[in-house]
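As a plain string of letters, each chain reads:
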Amino acid sequence: VLTSSRQEGPCATDGVNLRASVTTPSCRAPLSADGKKMGCPTCVKMELQPSFYCSQACFKSDWSRHKAVHKIAKELKARQAQNADDGVTCPPDASSEVKLSAPSWVDSYGYSFSGSLRPCRQSAKRTVPRSIKRPDYARHSDGVSESERADKANNGKIRVYSSAELEGGEGDGPPGLRHACKMGREVLDLAGRAARVGVTCDEIDRVVHEACIERDCYPSPLNYYNFPKSVCTSVNEVICHGIPDYYELADGDILDIDVTTYNRGGYHGDLNETFFVGNVDDDGRKLVRTAFDCLQGALAMVRPGTLYRDMGNTIDKIAKMNGCSVVRTYCGHGIGNLFHTAPNVPHYRKNKAKGVMKAGHVFTVEPMINLGGYADRTWLDNWTAVTSDGSRSAQFEHTVLVTDTGCEILTQRENEPVMTWDEALLQR
């Protein structure tokens, strides 16, 4: 039975934005005989804007089409209700107590943490405008990169990038790989400036996400194998792949921010840095400096003819000289039109990496250095890698190009073609 309303609007206007195939009924009389509009009672009950009809007969003739709107609305509301209490996320207007509470997997599985850091709730996954070019995994339900899988199965060679691919098209043509790396640097600089005592990791994710969009770039981590955020924020004992949540940075923390941008030309640029938050102790400062020196020493080896496996020996030597260890589980990688591809670049000594550097190769070097042992474990969020002994970990990363004479750091700081230590640039 229809209900009456004096609201303005055309006949049979579905009042919820749903992806349903709908058609307008043939009725052209928006008002009933007494001058009132006839609205669908189910829409009213479901708190949807009512769909209006001129008569009971008009409503009845359109029912087979219109009831689909109710079904879809119920499904959407059920999904929203589930997401509102999924045990991991919470709405932005939730109380501080809720935001700082542990996700459900902590208590459900009785997880035992190796260090003092604890996960908090997360905000919902951020959206990307349709105008932004996306990598293939962005729309995959499981975040799978089919292009990377195909590359791994069919191509064992390390790609050599041409000048045209590095520079991109002229004028309004799609930008190249060098541009993606420059955008990554700009975004990381903004994210680093946002870090300070009391700021949440979620806020840093917001800064990164919006900075990527402003630069017409997609934040590469988002939905990569279902990673839920646009950047990795790794605090203290977290080695890598930390998921930004409502954790509030504390005085004395060290924070690694790992940014990757994907531009309209279809290229990724990847880099990270570790920052001092407030008053970091001497061991923490020694660790961060050691991680910087390890990357600096490795990049000094980049030139045509160098074996990829040999960088691990240099990195391991520098780490041990400073009483630190090198993580073995995670490595650097080829990058460009794919987020991860050949070569693999291990950072530890006596590794079995294949390949010899040639001009035109582009890859990342990103040694993860621990203050304690090198062993790692993963939280039950299936992403956050932490030290097994709870000791702190630090990291620096660049995307580099092998040139005819050596190495170009594509993600370099402005006016810093060679890595230069400056503690003030990392202090927050």
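Residues numbered from 1 in each chain as written. Predicted model: local features only at pLDDT ≥ 70, side-chain atom pairs only at ≥ 80, totals over all residues. Heavy atoms only, no water.

Observations concerning the overall build of the protein
Okay, so step 1: When you go through the protein residue by residue, the secondary structure sums to 10 helices and 18 strands.
Okay, so step 2: Burial statistics for the protein: of 428 residues in total, 52% are counted as buried.
Okay, so step 3: A total accessible area of about 20100 Å² is found for the protein, and carbon and sulfur atoms account for 49% of it. (Helix = DSSP H or I, 4+ residues; strand = E, 2+ residues; numbered from the N terminus. Buried < 20%, exposed > 50% of the residue type's maximum accessible area, 1.4 Å probe, protein only. Areas by Shrake-Rupley, 256 points an atom, 1.4 Å probe, with all protein chains shown as cover.)

A closer look at the pairing of strand 17 (residues 398-402)
Okay, so step 1: The element strand 17 is extensively covered by neighbouring structure, given that 5 of its 5 residues are classed as buried.
Okay, so step 2: Here strand 17 shows a buried face lined by His398, Val400 and Val402 and a second buried face lined by Thr399 and Leu401.
Okay, so step 3: Here strand 12 (residues 362-365) pairs with strand 17 via 4 bridges, running antiparallel. By the bridge assignment, Val362 is partnered in strand 17 with Leu401. (Pairing = 2+ DSSP bridges.)

Concerning the side chain of Asp202
Okay, so step 1: Following the sequence through the fold, Asp202 ends up in helix 8 (residues 201-214).
Okay, so step 2: In terms of polar contacts, Asp202 uses its side chain to reach the side chain of Ser123, at 2.5 Å.
Okay, so step 3: For Asp202, the side chain forms a polar contact with the side chain of Arg126, separated by 3.3 Å.
Okay, so step 4: Asp202 has contacts with Ser123, Arg126, Lys229, Pro244, Asp245 and Tyr246, leaving out every residue within four places of it along the chain. (Polar contact = N/O pair within 3.5 Å; in protein donor to acceptor, adjacent residues only side chain to side chain. Contact = heavy atoms within 4.5 Å.)

So, the sheet that holds strand 6 (residues 238-240)
Remark on secondary structure: sheet strands pair via backbone hydrogen bonds, oriented parallel or antiparallel.
Okay, so step 1: Read from one edge of the open sheet, 3 strands run 6-15-14, paired in antiparallel fashion. Every interior strand has two partners, whereas the edge strands, strand 6 and strand 14 (376-378), have only one. Neighbour-to-neighbour, the strand axes of the sheet open up by a mean angle of 40°, direction not taken into account.
Okay, so step 2: Bridging between strand 6 and strand 15 (residues 385-387) involves 2 bridges; their strand directions are antiparallel. Across the sheet, Val238 pairs through a bridge with Val386, a residue of strand 15. (Axes fitted to C-alpha atoms, helices over the stretch in contact; angles between N-to-C directions.)

Regarding the nonpolar core
Okay, so step 1: By size, the foremost hydrophobic cluster in this structure holds 69 residues, and its most contacted members are Ile204, Leu249, Ile257, Met311, Phe363 and Ile369.
Okay, so step 2: With 8 residues, helix 9 (residues 282-299) is the largest single contributor of residues to this core.
Okay, so step 3: Formed by 19 residues, the second largest nonpolar core is a distinct cluster that contains Ile132, Tyr137, Leu222 and Leu410. (Core = buried A, V, L, I, M, F, W, Y, C linked by side-chain atoms within 4.5 Å.)

Comments concerning the pattern of salt bridges
Okay, so step 1: Counting across every chain of the model gives 21 salt bridges.
Okay, so step 2: Between Arg206 and Glu203 there is a salt bridge whose closest N-O contact spans 2.6 Å. Of this pair, Arg206 and Glu203 both sit in helix 8, 3 residues apart, which is roughly one turn of the helix.
Okay, so step 3: Among the charged side chains, a salt-bridge network with shared partners connects Arg185, Asp189, Glu273, Arg413 and Glu416. (Salt bridge = Lys/Arg side-chain N within 4 Å of Asp/Glu carboxyl O.)

Comments concerning unusual backbone geometry
Okay, so step 1: Going from Ala342 to Pro343, the amide bond is cis rather than trans, its omega being 5°.
Okay, so step 2: One non-glycine residue with positive phi stands out, namely Asp216, at about 60°.
Okay, so step 3: With respect to the element layout, Asp216 can be found in the loop between helix 8 and strand 4 (218-219).
Okay, so step 4: With a phi close to 50°, Tyr225 is a non-glycine residue in the positive phi region.
Okay, so step 5: Locating Tyr225 in the fold gives a position in the loop between strand 4 and strand 5 (232-235).
Okay, so step 6: Classification of Tyr225 by relative accessible area gives partly exposed; the value is 31%.

Thoughts on the environment of Ile132
Okay, so step 1: Residue position: Ile132 is located in the loop between helix 4 (104-108) and helix 5 (146-154).
Okay, so step 2: In sequence terms Ile132 and Ile213 are 81 residues apart; their C-alpha atoms lie 7.4 Å from each other.
Okay, so step 3: Every residue in contact with Ile132, bar those within four places of it in the chain, is listed here: Ile213, Asp216, Cys217, Tyr218 and Arg264.

Some remarks on the confidence of the model for the protein
Okay, so step 1: A residue-level look at the protein finds 89% of positions with pLDDT of 70 or above and a mean pLDDT of 89.
Okay, so step 2: Within the model, pLDDT remains below 50 along residues 2-26, and this stretch shows 64 contacts once partners closer than five positions in the same chain are excluded.
Okay, so step 3: Low pLDDT (under 50) marks residues 28-33, which in the prediction has 10 contacts with non-local residues, meaning those over four places away or in another chain. (pLDDT = per-residue confidence, 0-100.)

Section: helix 7 (residues 177-194)
Okay, so step 1: When the terminal C-alpha atoms of helix 7 are compared, their 26 Å separation across 18 residues agrees well with the 26 Å that a helix rising 1.5 Å per residue should span.
Okay, so step 2: If you check which residues of helix 7 are buried, you get Leu177, Ala180, Cys181, Met183, Gly184, Arg185, Val187, Leu188, Ala191, Gly192 and Ala194.
Okay, so step 3: The secondary structure elements touched by the buried residues of helix 7 are helix 6 (163-167), helix 8, strand 7 (254-262), strand 8 (268-276), strand 12 and strand 17. (Expected span 1.5 Å × (residues − 1).)

Describing the sheet that holds strand 16 (residues 393-395)
Okay, so step 1: The strand order 9-13-16 describes an open sheet built from 3 strands, whose pairing is antiparallel. Bordering the open sheet on either side are strand 9 (325-326) and strand 16, each of which pairs with just one other strand.
Okay, so step 2: Bridge count between strand 9 and strand 13 (residues 368-370): 2 bridges; the pairing is antiparallel. Along strand 13, the bridge assignment pairs Val326 with Ile369.

Focus: the packing of aromatic side chains
Okay, so step 1: In this structure the tally under the stated criterion is 15 aromatic pairs.
Okay, so step 2: Pairing Tyr137 with Phe339 gives two aromatic rings, centres 6.5 Å apart and planes at 25°, and the pair type is stacked. With Tyr137 in the loop between helix 4 and helix 5 and Phe339 in the loop between strand 10 (332-334) and strand 11 (341-345), this pair connects stretches of sequence that are 202 residues apart.
Okay, so step 3: Taken together, the aromatic side chains of Trp105, Tyr111, Phe113 and Trp379 make up a single cluster linked through ring pairs.
Okay, so step 4: Above the plane of the ring of Phe276 lies Arg285, whose end atom (NZ or CZ) is 4.5 Å from the centre.
Okay, so step 5: When the ring centre of Tyr374 is taken as origin, the NZ or CZ atom of Arg328, which lies over that ring, is 4.5 Å away. (Phe/Tyr/Trp six-rings, centres within 6.5 Å; stacked < 30°, edge-to-face > 60°. Lys NZ or Arg CZ within 6 Å of the ring centre and 35° of its normal.)

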